[in-house]
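Each chain, letter by letter, is given below.
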Amino acid sequence: MDTYSFADFIKYGKYSSIADLFSYAKSNNLVDILNYYCKKYKIKFPIIYQRAYDNTKFLSMNRFEKLKKFLKTLNDNKINYYIIKGPSISKYLYDDLFERLYSDIDIIVSACDYIKLHKCLTKNGFHNAYINNSIPRRSILQFSFNIRGEDIIYSKNVNNFEIGFEIRDTIRLLNLKQMDNFNKHIERCTYGGFAFNQLDLHYTIVLQIIYAYNAYFTEYGVVNNYKIKYIIELYMLLNKYSFIQMNEIKQIFSNLKLNYMYNSIIKVYNLLFIDS
């Protein structure tokens, strides 16, 4: 099975071999997407894949549960932030935080709230592991909740589970320094009685296109087997939220001077889902 065949399955439910379908999904980190479309097309999900999916989903739930207390602290201290990627995409696509599988939780925090954030981190037992202290003061900072050992800035061990917050200038992902108003792009959400902030839909789609570009046209996608995942999720987002005007998205890319990313991904998108 190739990418075009998997795209046909997504659009029409067509496939020639159930084994090839699941093999392709597994090798390209598409099991969560396959799970969704199997339900849509009433295809039985093999037990072996269901167990692997359920186990990974449980890990995502565990990570988010460990993060909830800290997010409550951010809310209580009126720190401006929003969750991006994993749980945010899951909420937009599936109206559930855990249907999309993810290995970490990414948070964007306004630079003007960094001092308050630092106090919250240290008060909650995190230690500052930043070495050269050259944190960009006038940019918006990204904090990644992860269990990897590299690039961790603030870390804390909770029951032998390493929690880390990683600070990076997000210009490499999305030129958020050019966003006119940080708070303007916050969307307040509630899940299971717990309130949190996520990036609004328009900028979520912008970020999705940027990740799709990085995955499809750079080594990142090859190494991590994410080459096609973000483009498929883009298709799902645009189908679910059909009111989105792509001219508005294109204009955001023009403002960010990232037209080449938008044009490259839309070309691939059209080949897979529009022109075929």
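Look up: the structure comes first, before these words.
Residues numbered from 1 in each chain as written. Predicted model: local features only at pLDDT ≥ 70, side-chain atom pairs only at ≥ 80, totals over all residues. Heavy atoms only, no water.

Caption draft 1: Here's a closer look at helix α6 (residues 114-123). When we look at burial in α6, the residues that qualify are Y114, L117, C120 and L121. Around the axis of α6, the buried residues are gathered within 120° of arc, so they sit on the same side. Facing away from the buried side of α6, by more than 90 degrees, are the exposed residues I115, K119 and K123. (Buried < 20%, exposed > 50% of the residue type's maximum accessible area, 1.4 Å probe, protein only. Helix = DSSP H or I, 4+ residues; strand = E, 2+ residues; numbered from the N terminus. Arc of directions from axis to C-beta.)

Caption draft 2: Here's a closer look at the pairing of strand β2 (residues 105-109). Counting buried positions along β2 yields five of five residues, so the element is predominantly enclosed. Both strand β1 (residues 81-84) and β2 contribute to a ladder of four bridges, which runs antiparallel. Pairing of Y82 across the sheet is with I108, part of β2. (Pairing = 2+ DSSP bridges.)

Caption draft 3: Representation of the environment of N270. Among the secondary structure elements, N270 is positioned in helix α11 (residues 259-274). Judged by its relative accessible area of 25%, N270 falls in the partly exposed class. Placed 35 residues apart in sequence, N270 and Y235 show a C-alpha to C-alpha distance of 9.8 Å.

It is worth stressing that arrangement in space is one thing and function is another; only the former is reported here.
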